[in-house]
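Residue-level structure breakdown
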Amino acid sequence: MEMEKKSLPHSKVEAMAATSDEEITSVDWRGRPSNPARHGGMKAAVFILGLQSFEIMAIAAVGNNLITYVINEMHFPLSKSANIVTNFIGTVFLVSLFGGYLSDSYLGSFWTMLIFGFVELSGFILLAVQAHVPQLKPPKCNIMQEQSHCDEAKGMKAMIFFVALYLVALGSGCVKPNMIAHGADQFMIKGNAEQSKKLSTYFNLAYLAFSVGELVALTVLVWVQTYSGMDIGFGISACVMGLGLITLVSGTPYYRNKRPQGSIFTPIVQVFVAAFVKRKQKRTTTNSRPFSDRSHGLLPTNRLRFLDKASIKAEGINQEYEGPWRLCTITQVEQVKILISLLPIFACTIVFNTILAQLQTFSVQQGAQMNTKLTKHFNVPPASLQAIPYILLLLLVPLYDKVFVPFARKITGHESGISPLQRIGCGLFTATFSMVAAAIMERKRRDSAVHLNEKLSIFWITPQFLIFGVSEMLTAVGLIEFFYKQPLKGMQAFSTAITYCSYSFGFYLSSVLVSVVNKITSSTGSSKTGGWLSENDLNMDRLDLFYWVLAGLSFINFFNYLFWAHWYSYNPSMFQKLVSPMDLSHNGV
């Protein structure tokens, strides 16, 4: 029986996970029950994909070139500037939890996107105003020149900068998880296999929209920032964000909107409280049958059994007298178990996003130290290097969805070609080679600059961007699809937000690693000038060694992921329509 159950296609498992509960009532923009013939589907998702493309275009133009602005205009030193960028991007993704919570609990995805989209827009406008008005910035000065004494932004100037920056972070953080969740909600029609396939296609299209936005930001908008001024660049970001909000509103008549479910945290806290109160409760013949909620189909499992106490009825007390803080349903308990079991998978992607942080900070500075000439009259902005993988992905993503997925589907039976967990694993493995390439190229660049007094072409560092682009397509999309399809009633935006927190922790970890590596390497005297990353000049630093450290961490992290991916198992209720009840006594997949 165990072998029979293990042979079931993961696609059926995940489809059942997405629809194991009764479909949450969806409504149109007037609050009336939605009509599948008129609402939802790809025609509605297109508008959300438009918003996603415009939003990432606006914020990527700011985030990917922010370190240049912070150094050249705000006059912060290199290591502090790198931490400002990583902390900003980390905050964007950390705030996504708040956005997911508001959406699922109170506002719904559409209103959360609209309200916080305007918050993000106000941040872009304030950044543009500060960049344009000289009195709001420190005096002009070239911080990279020796013997220069540039005034660092302080007081009111620093406050305006950070207020604007974190308005953008707050708005973008709340918008991001809801774009993915609201778009995916358009396909959640119970029992429709074709819609399930379209949902998988949607996740790939969402990454394609992301790639288009990044590509435009890293070419056109970064070029404008470099040659026309950061004030013009920030102003264009504001205009682009405005276009995104117009696109969102334009699709209003076609959306299927899920009703907010009330606080999503209350049922979770109730499980922990009830389990703690009944921690000494023992199963007996009278209470061995846990409290069941027949409106949902999650079955009890043997994992994290200490939480099962929450669903055991107390002896001699009627069910109505126990209350929700002392007696929880099986579904409540199992949903908490699912959330906990997802955490190791989530944690394994943190190092992956620490690598991403390097490509948006130190790798941009690498490019600034190289020969940026493309033609006699045109120089490549260093931040535009990050556009290279997205050019490749504009071709690769459609090929993946239209060629690889159908081919793999015939072999695996999985609607996505390979399972999300397999896709994540492939991405994590590939990411290691991005840092290997970065370390090799940085050593070559530094040796040429220091010993030969030559500047290598900026295109020598493109391999690290190309490899990571492929890795991100696999890991990011696989993670979002995996989390979204979990049987967590009314928590799709929040579960999607959890995946974005991986970016946040990755960027925060990057800041910590920079500080720790600097402290350790300076104390051991391995560098004549201090730590590996202690100077503003990469020719005096040892960025190549730092990249090797990250490559090692990434390789170890991959094997850590393999362990947790093997440990993870689906709730047996996902098999209840596919196998006999006898098979449900096992919990493997």
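Rules behind the numbers
Residues numbered from 1 in each chain as written. Predicted model: local features only at pLDDT ≥ 70, side-chain atom pairs only at ≥ 80, totals over all residues. Heavy atoms only, no water. Helix = DSSP H or I, 4+ residues; strand = E, 2+ residues; numbered from the N terminus. Buried < 20%, exposed > 50% of the residue type's maximum accessible area, 1.4 Å probe, protein only. Contact = heavy atoms within 4.5 Å. Polar contact = N/O pair within 3.5 Å; in protein donor to acceptor, adjacent residues only side chain to side chain. pLDDT = per-residue confidence, 0-100. Core = buried A, V, L, I, M, F, W, Y, C linked by side-chain atoms within 4.5 Å. Salt bridge = Lys/Arg side-chain N within 4 Å of Asp/Glu carboxyl O. 1 Å grid on protein atoms, 1.4 Å probe; cavity = no way out; pocket = protein on both sides within 12 Å on 5 of 7 lines; lining within 4 Å. Points joined across faces, edges and corners; volume = space filled by probe spheres on them. Nonpolar A, V, L, I, M, F, W, Y, C, P; charged D, E, K, R; others polar. Phe/Tyr/Trp six-rings, centres within 6.5 Å; stacked < 30°, edge-to-face > 60°. Lys NZ or Arg CZ within 6 Å of the ring centre and 35° of its normal. Axes fitted to C-alpha atoms, helices over the stretch in contact; angles between N-to-C directions. Parallel < 35°, antiparallel > 145°, perpendicular 65-115°, else oblique. Left-handed = near helix turned anticlockwise from the far one by under 90°. Expected span 1.5 Å × (residues − 1). Bend = angle between axes of the 7 residues up to and from the residue. Patch = residues over 30% accessible without salt bridge, like charges linked within 9 Å, V, L, I, M, F, W, Y side chains within 5 Å. Areas by Shrake-Rupley, 256 points an atom, 1.4 Å probe, with all protein chains shown as cover.

What about the overall build of the chain?
Scanning the chain from N- to C-terminus turns up 19 helices and four strands. With 589 residues in all, the chain has 58% of them scored as buried. Taking contacts inside the chain between residues at least 6 apart in sequence as the whole, the part at least 24 apart equals 83%.

Side note on the environment of Leu248
Its place among the elements puts Leu248 in helix H9 (residues 230–250). Note on Leu248: relative accessible area 0%, which makes it buried. Here the alpha-carbon distance between Leu248 and Met179, two residues 69 residues apart in the chain, equals 9.6 Å. Beyond its immediate stretch of four places on either side in the chain, Leu248 contacts Leu51, Phe110, Met113, Leu114 and Tyr255.

Concerning the side chain of Ser34
In this fold, Ser34 is placed in the loop between strand S1 (26–27) and helix H3 (42–63). A distance of 2.6 Å separates polar atoms of two side chains, one belonging to Ser34 and the other to Ser26. Beyond its immediate stretch of four places on either side in the chain, Ser34 contacts Ser26, Val27, Asp28, His39 and Arg256.

So, the confidence of the model for the chain
Per-residue confidence for the chain gives a mean pLDDT of 80, with 84% of residues at or over 70. Segment residues 1–24: pLDDT under 50, and 67 contacts once partners within four positions in sequence are set aside and those in other chains are kept. For the stretch residues 575–589, pLDDT sits under 50, and the model shows 40 contacts to residues farther than four places along the chain or on other chains.

With respect to the nonpolar core
What tends to happen in soluble globular proteins is that the nonpolar side chains get buried as a cluster. Counting residues in hydrophobic clusters, the biggest one holds 156 residues, and the most contacted among them are Leu66, Phe88, Phe161, Tyr202, Phe203 and Phe546. Each residue touching Leu66, except ones within four places of it in the same chain, is listed here: Val85, Phe88, Phe161 and Leu165.

Some words on the pattern of salt bridges
Overall, the coordinates contain 11 salt bridges when judged by the stated rule. Residue Asp308 pairs with Lys337 through a salt bridge whose shortest N-O separation is 2.8 Å. Note that Asp308 is positioned in the loop between helix H10 (265–277) and helix H11 (319–322) and Lys337 in helix H12 (residues 330–347), a separation of 29 residues in sequence. The burial state of Asp308 is the same as that of Lys337; both residues are buried. When salt bridges that share partners are traced, they join Asp308, Glu334 and Lys337 into one network.

Points about empty space enclosed by the protein
Empty space among the atoms becomes visible once a probe the size of a water molecule is rolled across them. With the rule as written, the count across this model stands at three cavities of 30 Å³ or more. Quantified by volume, the largest cavity comes out at close to 650 Å³. If you go around the largest cavity, you meet 44 residues; those closest to its centre are Ile56, Phe210, Glu214, Glu472 and Tyr503. Elements with a minimum of two residues in the lining of the largest cavity: H3, helix H5 (78–107), helix H7 (155–185), helix H8 (193–228), helix H13 (350–360), helix H15 (388–412), helix H17 (462–484) and helix H18 (492–523). The residue makeup of the lining of the largest cavity, split by class, is 29 nonpolar, 11 polar and four charged.

Details of the side chain of Ser554
Inspection of the secondary structure assignment puts Ser554 in helix H19 (residues 543–567). Residue Ser554 is classed as buried on the basis of its relative accessible area of 4%. In this view, Ser554 contacts Val351, Ile355, Leu428, Ala431 and Thr432; residues no more than four positions away in its chain are not counted.

Thoughts on the packing of aromatic side chains
Applying the stated criterion across every chain, the model contains 32 aromatic pairs. Ring geometry for Phe88 versus Tyr166: centroids 6.4 Å apart, planes at 80°, classification edge-to-face. One end of the pair, Phe88, is in helix H5; the other, Tyr166, is in helix H7, with 78 residues separating them in the sequence. Classification of Phe88 by relative accessible area gives buried; the value is 1%. Tyr166 gets classed as partly exposed once you look at its relative accessible area, which sits at 29%. Judged by centre distance (5.6 Å) and plane angle (40°), the rings of Phe187 and Tyr202 are tilted. Pair noted here: Phe187 is in the loop between H7 and H8 and Tyr202 is in helix H8, with a separation of 15 residues, a long-range link. Taken as a pair, Phe187 and Tyr202 share a single burial class, namely buried. Counting every residue linked through ring pairs, the aromatic cluster contains Tyr69, Phe76, Phe161, Phe162 and Phe234. Positioned above the aromatic ring of Trp460 is the side chain of Lys444, whose terminal nitrogen or guanidinium carbon lies 5.1 Å from the ring centre.

Some remarks on the environment of Leu385
Here Leu385 is to be found in the loop between strand S4 (378–379) and H15. The class of Leu385 is buried, set by a relative accessible area of 1%. Taking the C-alpha atoms as reference, Leu385 lies 9.8 Å from Leu466; in sequence the two are 81 residues apart. Apart from the residues within four sequence positions on either side, Leu385 is in contact with Gly367, Ile458, Ile461, Thr462 and Phe465.

With respect to the packing of helix H6 (residues 109–132) against H7
The axes of two packed helices give the description: the angle between them and the distance between them. Where H6 meets H7, the closest approach of the two axes is 7 Å, and the angle between their N-to-C directions is 150°. Between H6 and H7, the crossing angle belongs to the class labelled roughly antiparallel. In this structure, H6 meets H7 at a crossing whose hand is left-handed.

Observations regarding unusual backbone geometry
Note on backbone geometry: most residues besides glycine have negative phi, and most peptide bonds are trans. Phi at Leu304 is positive, roughly 50°, even though this residue is not glycine. Of note, Leu304 is situated in the loop between H10 and H11. By relative accessible area, which is 24% here, Leu304 ends up partly exposed. In this structure, Asn453 takes a positive phi of about 55° despite not being glycine.

A look at H17
For an α-helix, 3.6 residues make a turn, and residues three or four places apart therefore share a direction. Between its first and last C-alpha atoms H17 spans 33 Å; for 23 residues at 1.5 Å apiece the expected length is 33 Å, and the two agree. Approximately 25° is the largest bend angle found in H17, and it occurs at Glu472.

A closer look at the layout of surface pockets
Its volume calculated, the largest pocket comes out at about 660 Å³. Surrounding the largest pocket, 27 residues form its lining, Asn65, Thr68, Asn72, Thr226 and Pro382 being those nearest its centre. Counting residues per element, the ones that place at least two in the lining of the largest pocket are helix H4 (66–72), H6, H8, H9 and helix H14 (362–368). Here the element with the most residues in the lining of the largest pocket is H4; it accounts for five residues. For the lining of the largest pocket, the per-class residue count stands at 13 nonpolar, 11 polar and three charged.

Structural notes on a nonpolar patch on the surface
Together, Trp223, Tyr227, Leu374, Phe378 and Phe459 line one region of the surface with nonpolar side chains, adding up to about 470 Å² of accessible area. Along the chain, Tyr227 falls in helix H8. For Tyr227, a relative accessible area of 42% translates into the label partly exposed.

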